[in-house]
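The residues making up each chain are set out below.
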Amino acid sequence: MDLRENIERVRAGIAAAARAAGRNPADITLLAATKTQSSETIRAAVAAGITACGENRVQELTAHLDDDAYGPAQVHFIGHLQTNKVKYVVGRVELIHSVSSERLLRAIADRAERMWLTQDILLEINLAGEASKSGFPPEEALAAARLAASLKGVRLRGLMCIPPAASAPGENLPHFQKLRQLAVDIRGEMVDNRVDMDVLSMGMSGDYRDAVAAGSTCIRVGSALFGPRPPMSPGGTAPGPSLPHD
């Protein structure tokens, strides 16, 4: 695997898709999804030009932060977040993509307010109503956005989605278009938070070109950069230290 070549290949794909859609490639963030990657691999990715990394698991996030693996790159949290793990994430990442329920939203806001900071967040939208996935139903997104805007500890930056697994190119384009329109509609209804809502997190290794065409500002790419993921430990997580007990 040549990590630098992979990064350049994905950036070229972003640029081509952006130009075809009449967009500026510079407006799209390539977020390296570093799930199960080692600190050494993350450092190599940052050295090769990655400016933002996204972690799926709190345990890996904590280990890599303690190891200073990300260096100057931004760090985002993109995986499912349990309310009892909020304390390990708030204030340690630039953006939480996966705010999927009112309970989690309030927990993040409460933690951030007690830390005297404002945590940037995205609302995760379950576009297809999949029982296996978290997220607000589209019809509840506006109410969730208004709630987020009313909470002191968070700043709503936009929306995120994980569409159904696609079996063919272009299959997820309608889902991406739906999320973009939902973001436009919500921004139109907001009063105080409208300017802040500038992020659409959608698109992964297999469909990022369609996501860019539909208006994504942040694509979350793992295997297209790093190749197949390293094996998990028997416990279902990547090797690393356990979380502190506090």
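Conventions adopted
- Along each chain, residue indices are assigned from 1 in the same order as the chain's sequence is written.
- Note on the predicted model: pLDDT of at least 70 is required for a residue's local features to be given, and 80 or more for side-chain atom pairs to be given and counted; whole-chain, interface and lining totals, by contrast, use all residues.
- Calculation of side-chain values draws on the structure's entire complement of heavy atoms; hydrogens and water are dropped beforehand.
- Numbering of helices and strands starts at the N terminus; helices are DSSP runs of H or I of at least 4 residues and strands are runs of E of at least 2.
- Radius of gyration: C-alpha atoms only; globule rule: 2.2 Å multiplied by the number of residues to the exponent 0.38.
- With a 1.4 Å probe rolled over the protein chains alone, any residue whose accessible area is under 20% of its type maximum counts as buried; one over 50% counts as exposed, and the rest are partly exposed.
- In this analysis, two residues are considered to be in contact whenever any of their non-hydrogen atoms come within 4.5 Å of each other.
- Per-residue and other accessible areas follow the Shrake-Rupley method at a 1.4 Å probe size, with only the shown protein chains counted as cover for residues.
- Neither His nor the chain ends is counted toward charge; the positive residues are Lys and Arg and the negative residues Asp and Glu.
- Charge positions come from single atoms, namely NZ of Lys, CZ of Arg, CG of Asp or CD of Glu.
- Cavity: a set of points on a 1 Å grid over the protein atoms alone where a 1.4 Å probe fits but cannot get out. Pocket: an open set with protein on both sides within 12 Å along at least five of seven lines, its lining residues, like those of a cavity, having an atom within 4 Å of a point.
- Grid points are joined across faces, edges and corners, and a volume is the space filled by probe spheres set on the points.
- Amino acids are sorted into nonpolar (Ala, Val, Leu, Ile, Met, Phe, Trp, Tyr, Cys and Pro), charged (Asp, Glu, Lys and Arg) and polar (every other residue, Gly among them).
- The salt bridge criterion pairs a side-chain nitrogen of Lys or Arg with a carboxyl oxygen of Asp or Glu, the two atoms within 4 Å.
- Axis angles are defined between N-to-C directions and span 0 to 180 degrees, where every axis is a line fitted to C-alpha atoms and, for a helix, only to the segment in contact.
- In these notes the angle categories are as follows: under 35 degrees is roughly parallel, over 145 is roughly antiparallel, 65 to 115 is roughly perpendicular, and the rest is oblique.
- In this scheme the handedness of a crossing depends on how the near helix is turned from the far one: anticlockwise by less than a right angle means left-handed, clockwise means right-handed.
- To obtain the arc, one takes the directions from the helix axis to the C-beta atoms.

*Asks:* Explain the overall build of the chain here, please?
*Replies:* In terms of helices and strands, the chain carries 8 helices and 8 strands. Computed over its C-alpha atoms, the radius of gyration of the chain comes to 17 Å, within 12% of the 18 Å expected for a compact globule of 246 residues. Taken over the C-alpha atoms alone, the chain extends approximately 50 × 45 × 35 Å along its principal axes. Taking all 246 residues of the chain together, the buried fraction comes to 50%. Pairs at least 24 apart in sequence give 61% of the contacts found in the chain among residues at least 6 apart. When the accessible area of the chain is evaluated, it comes to approximately 11600 Å², of which 50% is carbon and sulfur surface. With 27 positive and 28 negative side-chain charges, the chain shows a separation of 1 Å between the mean positions of the two kinds.

*Asks:* Explanation requested: the side chain of Arg157 in the structure shown.
*Replies:* Among the structural elements, Arg157 can be located in strand E6 (residues 154–161). Residue contacts for Arg157: discarding those within four places in its chain leaves Leu95, Asp120, Ile121, Leu122, Asp196, Met197, Asp198 and Val199.

*Asks:* What should I look at first to understand the layout of surface pockets in this one?
*Replies:* To find the voids left in a structure, one rolls a probe of water-molecule size over its atoms. Considered as a void within the structure, the largest pocket measures approximately 460 Å³ in volume. Lining the largest pocket are 21 residues, and of these Lys35, Asn56, Ile162, Met204 and Arg229 lie nearest its centre. For the lining of the largest pocket, the class distribution of residues is 6 nonpolar, 10 polar and 5 charged. The volume enclosed by the second largest pocket comes to roughly 230 Å³. Taken together, 18 residues form the lining of the second largest pocket, with Ala166, Asn172, Gly206, Asp207 and Tyr208 sitting closest to its centre. Here the residues of the lining of the second largest pocket are counted per class, giving 9 nonpolar, 4 polar and 5 charged.

*Asks:* Just checking my understanding: could you explain the pattern of salt bridges for this structure?
*Replies:* Two side chains carrying opposite charge are able to pair once their charged atoms lie near each other. Applying the stated criterion to the full structure yields 10 salt bridges. Members of the salt-bridge network, linked through shared partners, are Asp120, Arg155, Arg157, Asp196 and Asp198.

*Asks:* When you look at the packing of helix H4 (residues 102–114) against helix H5 (residues 141–150) in this model, what are you seeing that I'm missing?
*Replies:* How two helices pack is summed up by the angle between their axes together with the distance between the axes. At a closest axis distance of 11 Å, the pairing of H4 and H5 adopts a crossing angle of 15°. Accordingly, the angle class assigned to the pair H4 and H5 is roughly parallel. Two packed elements cross with a definite hand, and for H4 against H5 that hand is right-handed. Along the contact surface, H4 presents Glu102, Leu105 and Arg106, while H5 presents Ala144, Leu147 and Ala148.

*Asks:* I keep staring at helix H2 (residues 39–47) and nothing clicks. Help me out?
*Replies:* Because an α-helix packs 3.6 residues into every turn, residues spaced three or four apart end up facing the same way. Every buried residue of H2 is listed here: Ser39, Thr41, Ile42, Ala45 and Val46. For H2, the buried positions fall inside an angular range of 160° around the axis, keeping them on one side. Among the exposed residues of H2, those oriented more than 90 degrees off its buried face are Glu40 and Ala47. Elements that come into contact with the buried residues of H2 comprise helix H1 (3–20), strand E2 (52–55), helix H3 (58–66) and helix H8 (223–226). Remark: Gly49 follows H2 within two positions and exhibits a positive phi of approximately 120°.

Function cannot be read off these values alone, since they describe shape.
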